[in-house]
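Below are the chains, spelled out letter by letter.
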Amino acid sequence: AQSVTQLGSHVSVSEGALVLLRCNYSSSVPPYLFWYVQYPNQGLQLLLKYTTGATLVKGINGFEAEFKKSETSFHLTKPSAHMSDAAEYFCAVNGNQFYFGTGTSLTVIP
Amino acid sequence: GAGVSQSPRYKVAKRGQDVALRCDPISGHVSLFWYQQALGQGPEFLTYFQNEAQLDKSGLPSDRFFAERPEGSVSTLKIQRTQQEDSAVYLCASSLTKRGHYEQYFGPGTRLTVT
């Protein structure tokens, strides 16, 4: 069975500070892992994905994530937060269907 | 090119009414998914189509929910005798691959409010 846990439903960072959003997964098969961003009243937009190969994955808008099998984690990071990063972020794992975490709301403080 | 579109964007229904939500996937996408997103929650899987075949409907919460994709493109999610707990955003996603293993493209959603 697959599932996703996102630690911290709300994260606040200062503009220019490091962003770290945590995601742990469980999967009975080699996972495909995804991070999506959702702006108010919009659908989900893919930030990045891990399928196979390099464990450090770079995505759009300066985000990256590292797949760590030993820790069953796929944390999302960005070195320097921008005001436009304020949004809801969802981690997902793909098995027979997509399983999403409950989301982390990111606030960027000017 | 055009992305996934959904209509209506907002729907208010009185309890007991039937509603129909439409999804236009990206042209040529094989897979189509419906998700329900309650307030403050992540999307939850409802059903999956591969072309016109509904291969997985395990997420549909009750027999009041029905989905179809008769020609393998546009899909409709129908909810009969709506109840307040049906209030949520309904998201549609499509994918070029079977099961959408690599990437799913999401529409903006339909926000359903049942009063």
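For the structure, see preceding data.
Residues numbered from 1 in each chain as written. Chains lettered and ligands numbered in written order. Predicted model: local features only at pLDDT ≥ 70, side-chain atom pairs only at ≥ 80, totals over all residues. Heavy atoms only, no water.

Trainee: Outline the environment of Phe 45 of chain B, supporting the account with residue identities and numerical values.
Mentor: Assignment of secondary structure puts Phe 45 of chain B in strand β5 (residues 44-50). Between the C-alpha atoms of Phe 45 of chain B and Ser 27 of chain B, which are 18 residues apart in sequence, the distance is 22 Å. For Phe 45 of chain B, the residues in contact, after removing those within four places along its chain, are Gln 97 and Phe 98 of chain A together with Phe 33, Trp 34, Tyr 35, Asp 56, Ser 58 and Gly 59 of chain B. (Helix = DSSP H or I, 4+ residues; strand = E, 2+ residues; numbered from the N terminus. Contact = heavy atoms within 4.5 Å.)

Trainee: Could you give me a rundown of the interface of chain B and chain A, with the residues and numbers involved?
Mentor: Interfaces are often described in size by the accessible area the parts lose on coming together. Between chain B and chain A, the contact holds 22 residues from the first and 20 residues from the second. Summed over both sides, the interface between chain B and chain A buries roughly 1,700 Å², with carbon and sulfur atoms accounting for 49% of that surface. Here chain B and chain A share one salt bridge between them. As a salt-bridge pair, Lys 49 of chain A and Glu 103 of chain B come within 2.9 Å of each other at their nearest N and O atoms. Summed over the shared surface of chain B and chain A, the number is three residue pairs in polar contact (both at pLDDT 80 or more). A class-by-class count of the residues in the side of chain B that touches chain A yields eight nonpolar, nine polar and five charged. (Buried area = accessible area lost by both parts, 1.4 Å probe. Salt bridge = Lys/Arg side-chain N within 4 Å of Asp/Glu carboxyl O. Polar contact = N/O pair within 3.5 Å; in protein donor to acceptor, adjacent residues only side chain to side chain. Nonpolar A, V, L, I, M, F, W, Y, C, P; charged D, E, K, R; others polar.)

Trainee: Describe the sheet that holds strand β1 (residues 3-7) of chain A, and please don't skip the residues or the numbers.
Mentor: Residue and element names in this part refer to chain A. What the five strands build is an open sheet, ordered β1-β3-β8-β7-β6; its pairing is antiparallel. For this open sheet the edge positions go to β1 and β6 (56-58), each flanked by a neighbour on one side alone. Shown here is a sheet whose adjacent strand axes are inclined to one another by a mean of 20°, direction ignored. Pairing of strand β7 (residues 64-68) with strand β8 (residues 73-78), which is carried by five bridges, proceeds in the antiparallel orientation. Bridge pairing in β8 links Glu 64 to Thr 77. (Pairing = 2+ DSSP bridges. Axes fitted to C-alpha atoms, helices over the stretch in contact; angles between N-to-C directions.)

Trainee: Describe the nonpolar core, listing the residues and the values that go with them.
Mentor: Trp 35, Leu 47, Leu 48, Phe 74, Leu 76 and Tyr 89 of chain A are the most contacted members of the largest nonpolar core, which has 26 residues in total. Secondary structure elements with two or more residues in this core: β2 (10-14), β3 (19-26), β4 (32-38), β5 (44-50), β7, β8, β9 (87-94) and β11 (104-109) of chain A. In terms of nonpolar packing, the next biggest core, distinct from the first, is built from 20 residues, Ile 26, Trp 34, Ala 67 and Leu 77 of chain B among them. (Core = buried A, V, L, I, M, F, W, Y, C linked by side-chain atoms within 4.5 Å. Buried < 20%, exposed > 50% of the residue type's maximum accessible area, 1.4 Å probe, protein only.)

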